[in-house]
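Okay, here's what each chain looks like letter by letter:
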Amino acid sequence: MKKLIYKKPWFVYIAQCCDETLYSGVALDVAMRIHEHNHTNKCRYTRSRKPVALVYKEVCCNHSTALKREIEIKGFGREKKCKLIENG
């Protein structure tokens with residue numbers, strides 16, 4: 001049963017932190033994940049950079065595809081990430 005969630009559509013997202021850095025991640029429910037970033041300490045990177053705001057998201061067909069896309073986005077420089085956000 002648990003493996004079924006990995007076959008559902010997943011999202012890759014970019015959140016902008018209060019210090020204007022950009023954080024990339026994956027989630028099934030992006031709104032819930034942004035809420036977690038702002039109201040819990042689950043994510044080490046955003047823990048001291050609250051609040052965070054969703055600035056970009058894209059749907060992927062499954063968990064594996066989302067993780068590969070996240071790695072690709074994390075490899076982008078800031079300028080390329082900003083262009084992705086603007087065009088997204």
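Only a predicted model underlies this, so the values are computations on that prediction, with no experimental measurement involved.

**What about the overall build of the protein?**
Piece 1. The helix and strand inventory of the protein stands at three helices and three strands.
Piece 2. Secondary structure elements of the protein, listed N to C terminal, follow the sequence β-β-α-β-α-α.
Piece 3. For 88 residues, the compact-globule estimate of 2.2 N^0.38 gives 12 Å, and the C-alpha radius of gyration of the protein, at 13 Å, lies within 12% of that figure.
Piece 4. Taken over 88 residues, the protein has a buried fraction of 36%.
Piece 5. A sequence separation of at least 24 residues applies to 55% of the contacts in the protein between residues at least 6 apart.
Piece 6. Carbon and sulfur atoms make up 55% of the accessible area of the protein, which amounts to about 5,800 Å² in all.
Piece 7. Side chains of the protein carry 18 positive and 9 negative charges; the gap between the two charge centres is 9 Å.

**Quick notes on the pattern of salt bridges**
Piece 1. Under the definition given, this model contains seven salt bridges.
Piece 2. The partner of D19 in a salt bridge is R49, with the nearest N and O atoms 3.0 Å apart. Taken together, the residues D19 in the loop between β1 (10–16) and β2 (22–27) and R49 in the loop between α1 (30–39) and β3 (53–60) connect sequence positions 30 residues apart.
Piece 3. On the accessibility criterion, R49 (22% relative accessible area) is partly exposed.
Piece 4. Residue K42 pairs with E36 through a salt bridge whose shortest N-O separation is 3.4 Å.
Piece 5. With relative accessibility at 58%, the residue K42 sits in the exposed group.
Piece 6. One continuous salt-bridge network, built from bridges that share partners, spans R33, E36 and K42.

Rules behind the numbers
Residues numbered from 1 in each chain as written. Predicted model: local features only at pLDDT ≥ 70, side-chain atom pairs only at ≥ 80, totals over all residues. Heavy atoms only, no water. Helix = DSSP H or I, 4+ residues; strand = E, 2+ residues; numbered from the N terminus. Rg over C-alpha atoms; globule rule 2.2 N^0.38 Å. Buried < 20%, exposed > 50% of the residue type's maximum accessible area, 1.4 Å probe, protein only. Contact = heavy atoms within 4.5 Å. Areas by Shrake-Rupley, 256 points an atom, 1.4 Å probe, with all protein chains shown as cover. Lys, Arg positive; Asp, Glu negative; His and termini not counted. Charge placed at Lys NZ, Arg CZ, Asp CG, Glu CD. Salt bridge = Lys/Arg side-chain N within 4 Å of Asp/Glu carboxyl O.

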